[in-house]
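# Tertiary structure, described
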Amino acid sequence: DLGYNQYRFGGEVQWRFLPRTSGVFQAGWFTRTPNVSNSPDQATGYDVMAGVTGLLTERIAATAKIGYGGTSTVASSVFGAKDASSVLADAALEWLPLERFSVKAGYTRSFGLDPTVAAYIADGVSGGVRVKLAERFALHAGARWDRFAFQSLSGASTSYLQIDPGIDGQFGRWLSVGLGYVFSQRIASGSFGPVAPPDYSKNEAYLRVGVTY
């Protein structure tokens, strides 16, 4: 009963006004149809963002985009129909002090839909490091934390944490291999009543092989 089909249409325009820096405009519209009628996540929505991305200097890369988006949900047995909208943002900075070492950090503000309690506004911060070893291998580690504030329930929120260390290898021009681990945890807080989203933690290990022809 939590399944759904979602269809999204979007477009992007880029204008390169410097050799390694571009202006970006993005726009999209979506509709979501749950498997169960009158579900709180039956909705339509849109988002529009504009900004710049590219290299500021030889050692610093940045992305800065801002926009606006919103969604309109249908009435359900628990919640009435509700519109939710918010300013959207995507900011990231990557520093490469050495040829083989990089550090990055970012912040995003977005909105989404939860199958049980409908629309939320998400604020997320992330960071990561990457170290290249020899010519073939690179170690990387990243972390991300998001807070989802639900629009239908005052004071109800969910926090989501993800940590993902790993190692990547490149063997020639055609074969790449990645080995890593991902830990994620979701915790709900506040008063949700009978529709509280589940708390959980998840451990995943992966092996990824890529072939380029």
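These numbers come from a predicted model, not from an experiment.

## Here we look at the overall build of the protein
In terms of regular secondary structure, the protein is built from zero helices and twelve strands. When the helices and strands of the protein are placed in sequence order, the string is β-β-β-β-β-β-β-β-β-β-β-β. Dimensions of the protein, computed from C-alpha atoms along their principal axes, come out at roughly 60 × 40 × 35 Å. Across the 213 residues that make up the protein, the buried fraction comes to 33%.

## Some words on the layout of surface pockets
When its volume is computed, the largest pocket comes out at roughly 430 Å³. In this structure, the largest pocket is lined by 27 residues; those nearest its centre are K104, A105, S126, G127 and G128. Contributions of two or more residues to the lining of the largest pocket are made by β4 (60-73), β5 (82-98), β6 (101-114), β7 (118-133) and β8 (137-150). In terms of residue count, β6 provides more of the lining of the largest pocket than any other element does, seven residues in total. Looking at the lining of the largest pocket, its residues break down into eleven nonpolar, ten polar and six charged.

## Things to note about the packing of aromatic side chains
This model, assessed by the stated rule, comprises six aromatic pairs. A ring pair is formed by F9 and W29, whose centres lie 6.2 Å apart and whose planes are at 25°; its orientation type is stacked. Taken together, the residues F9 in strand β1 (residues 4-18) and W29 in strand β2 (residues 21-34) connect sequence positions 20 residues apart. Feature note: the residues Y120, F148 and F150 constitute an aromatic cluster, connected by ring pairs. Sitting over the face of the ring of Y4, R32 holds its NZ or CZ atom 3.8 Å from the ring centroid.

## Overview of the environment of V103
One can find V103 in strand β6. V103 sits in the partly exposed class, given a relative accessible area of 29%. A C-alpha to C-alpha distance of 8.4 Å links V103 and L93, two positions ten residues apart in sequence. Ignoring sequence-local partners within four residues, the contact set of V103 consists of L93, E94, W95, G128 and V129.

## Some thoughts on a nonpolar patch on the surface
Where nonpolar side chains cluster on the molecular surface, the patch consists of Y7, F9, V13, F25, W29, Y46, V48, I66, Y68 and V87 and spans about 1,000 Å² of accessible area. Sorting elements by how many residues they give to the nonpolar patch places β1 first, with three residues. Tracing the backbone shows V87 in strand β5. V87 gets classed as partly exposed once you look at its relative accessible area, which sits at 42%.

The rules behind the values
- Residues numbered from 1 in each chain as written.
- Predicted model: local features only at pLDDT ≥ 70, side-chain atom pairs only at ≥ 80, totals over all residues.
- Heavy atoms only, no water.
- Helix = DSSP H or I, 4+ residues; strand = E, 2+ residues; numbered from the N terminus.
- Buried < 20%, exposed > 50% of the residue type's maximum accessible area, 1.4 Å probe, protein only.
- 1 Å grid on protein atoms, 1.4 Å probe; cavity = no way out; pocket = protein on both sides within 12 Å on 5 of 7 lines; lining within 4 Å.
- Points joined across faces, edges and corners; volume = space filled by probe spheres on them.
- Nonpolar A, V, L, I, M, F, W, Y, C, P; charged D, E, K, R; others polar.
- Phe/Tyr/Trp six-rings, centres within 6.5 Å; stacked < 30°, edge-to-face > 60°.
- Lys NZ or Arg CZ within 6 Å of the ring centre and 35° of its normal.
- Contact = heavy atoms within 4.5 Å.
- Patch = residues over 30% accessible without salt bridge, like charges linked within 9 Å, V, L, I, M, F, W, Y side chains within 5 Å.
- Areas by Shrake-Rupley, 256 points an atom, 1.4 Å probe, with all protein chains shown as cover.
- Salt bridge = Lys/Arg side-chain N within 4 Å of Asp/Glu carboxyl O.

None of this, on its own, says anything about what the molecule does.
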